[in-house]
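Summary of the model geometry
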Amino acid sequence: MAHQHTDGDSRVAVVTGAASGIGSALAAALSERGHQVVVSDIDGDAAAAVAEHIGGVAFPCDVADPEQVDSLLAFTLNTFGGVDDLFNNAGVGSHGRIAAMTRDDWAWMLGVNLHGVINGVTSFLPALRRSAAGGRIVNTCSMSAVAPLPGLGAYAAAKAGVLALSEVLAAEMADEPDGVTVSAVLAGPVRTRINASARHRDAAGTYTLADADLTGPIVEHMIEPDEAAARILRGVDAGDLYIVTHPALGFRARARAEAIAAAFSPA
Ligand SMILES: NC(=O)c1ccc[n+]([C@@H]2O[C@H](COP(=O)([O-])OP(=O)(O)OC[C@H]3O[C@@H](n4cnc5c(N)ncnc54)[C@H](O)[C@@H]3O)[C@@H](O)[C@H]2O)c1
């Protein structure tokens, strides 16, 4: 069952990857609404700086590690007595061709971008179901989940997994009295530090994925993180399953959906 939310209600929101970019803008916007915000990130110092700036509390957490995500839940419950919103936003975005990728590349990309979300859902779902205001899970997906591009194979594979997980969870929760509202953000290009993602990986690994130069046609579609956060929160307020940040790029998703539909049509 979808819950209705009124602006001004004080909610407890946890945002992962909140030390930079979209997560930091979401944390700021939620705090401005008067919510209690846990600013979480693998970069604990940067998270602490953001928390101080926006009036939230910081907690360091690598979302790829289930135990650290359990600790993030425990910290949130100890601090605020409950949790209403989980923004599974942490993500990394390096580029490279699948043929060249190593096991470490796959483990890193799927560990953060897919297992990070799985860990968030697994740890937080029981507590979110206890939210009197109605729990919400918002997964920062990507347009690449519905319009995968060459060079983004590992990223798209992880984000497609997040989209499928979100769709199934939303359907399963729809009939339950304490079901949470689930959203998947099909984000387009946002000006963030995603092109400096490689800094967080284990130095002992062997990687071919590399930080991309954000140049070319993508640049003209770039929006600022604050604008992305505003668009995302409008969708969250509406209880939307699919939240789109760049309606003008819909042709990409449509072309792919039509190709799949055509394959199902009798010749
Ligand atoms: N920027 C874009 O164009 C774009 C487009 C589509 C989707 N997204 C998605 O938006 C989300 C936010 O990314 P962003 O663009 O704001 O990038 P960003 O690099 O500015 O912010 C991501 C944050 O996640 C943190 N992080 C990285 N690995 C982590 C881990 N293992 N555990 C916890 N935190 C970790 C980083 O320290 C950083 O603070 C990601 O899921 C990304 O895939 C971004």
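The paragraphs below set out a description of the structure included in this document. (Residues numbered from 1 in each chain as written. Predicted model: local features only at pLDDT ≥ 70, side-chain atom pairs only at ≥ 80, totals over all residues.)

1. Some thoughts on the pairing of strand 3 (residues 57–60)
Of the strand pairs in this sheet, strand 2 (residues 36–41) and strand 3 are connected by four bridges, and their pairing is parallel. Note on strand 3: the bridge partner recorded for V38 is V57. (Pairing = 2+ DSSP bridges. Helix = DSSP H or I, 4+ residues; strand = E, 2+ residues; numbered from the N terminus.)

2. Section: the environment of A145
Structurally, the position occupied by A145 is in the loop between strand 5 (136–140) and helix 6 (153–174). For A145, a count of 23 C-beta atoms within 10 Å corresponds to the buried category. Sequence separation between A145 and A164 is 19 residues, and the spatial gap between their C-alpha atoms is 9.2 Å. (Buried ≥ 20, exposed ≤ 12 C-beta atoms within 10 Å, placed from the backbone.)

3. A few points about the site of the ligand
Of all residues adjacent to the ligand, which total 30 residues, the nearest are G17, S20, G21, G91 and T192. For the shell around the ligand, the element with the most residues is helix 1 (residues 21–32), which contributes three residues. In the shell around the ligand, the residues fall into 13 nonpolar, 13 polar and four charged. (Near = placed C-beta within 6 Å. Nonpolar A, V, L, I, M, F, W, Y, C, P; charged D, E, K, R; others polar.)

4. Digging into the environment of T181
With respect to the element layout, T181 can be found in strand 6 (residues 181–186). For the pair T181 and A18, spaced 163 residues apart in the sequence, the C-alpha separation amounts to 21 Å.

5. As for the pairing of strand 1 (residues 12–15)
Neither face of strand 1 is left uncovered, since the one carrying V12 and V14 and the one carrying A13 and V15 both have all their residues buried. Bridging between strand 1 and strand 2 involves four bridges; their strand directions are parallel. Bridged to V14 within strand 2 is V38. With helix 1 bridging strand 1 and the parallel strand 2, this β-α-β connection has right-handed handedness. Examined bridge by bridge, strand 1 and strand 4 (residues 85–88) share three bridges and lie parallel to one another. Note that in strand 4 the partner of V14 across the bridge is L86. (Right-handed = clockwise from strand over helix to strand, strands pointing away.)

6. Looking at the nonpolar core
Judged by nonpolar contacts, the single largest core of 71 residues is most densely connected at V15, L26, A27, V39, V162 and L186. In terms of residues, this core owes the most to one element, helix 6, which gives nine residues. (Core = buried A, V, L, I, M, F, W, Y, C linked by C-beta atoms within 7 Å.)

7. Remarks on the packing of helix 3 (residues 66–80) against helix 5 (residues 115–129)
Interhelical geometry of helix 3 versus helix 5 gives an angle of 30 degrees and a closest axis separation of 8 Å. Judged by the angle between their axes, helix 3 and helix 5 are roughly parallel. Relative to helix 5, helix 3 is oriented so that their crossing is right-handed. Packed against helix 3, whose contacting residues are P66, V69, D70, L73 and L77, the element helix 5 presents N119, G120, S123, F124 and A127 at the interface. Taken together, the residues that form the contact of helix 3 with helix 5 break down as six nonpolar, three polar and one charged. (Axes fitted to C-alpha atoms, helices over the stretch in contact; angles between N-to-C directions. Parallel < 35°, antiparallel > 145°, perpendicular 65-115°, else oblique. Left-handed = near helix turned anticlockwise from the far one by under 90°. Contact = placed C-beta atoms within 7 Å.)

8. Section: helix 8 (residues 250–264)
With 15 residues, helix 8 ought to run about 21 Å at 1.5 Å a step, and its terminal C-alpha atoms sit 21 Å apart, in line with that. Little of helix 8 is tucked away, with zero of its 15 residues classed as buried. (Expected span 1.5 Å × (residues − 1).)

9. Notes on the sheet that holds strand 4
Spatially, seven strands are ordered 3-2-1-4-5-6-7 in an open sheet, and the strand pairing comes out parallel. Strands at the two margins of the open sheet, each flanked by one partner only, are strand 3 and strand 7 (242–244). Strand-to-strand twist of the sheet, defined as the mean angle between neighbouring strand axes without regard to direction, takes the value 20 degrees. Where strand 4 meets strand 5, four bridges bridge the pair, whose relative direction is parallel. Looking at the pairing, N88 lines up with N139 of strand 5. Helix 6 contacts strand 5 and strand 6 of the sheet and is inclined by roughly 155 degrees relative to strand 6. Against the sheet, helix 7 (residues 225–238) touches strand 5, strand 6 and strand 7, its axis set at about 150 degrees to strand 6.

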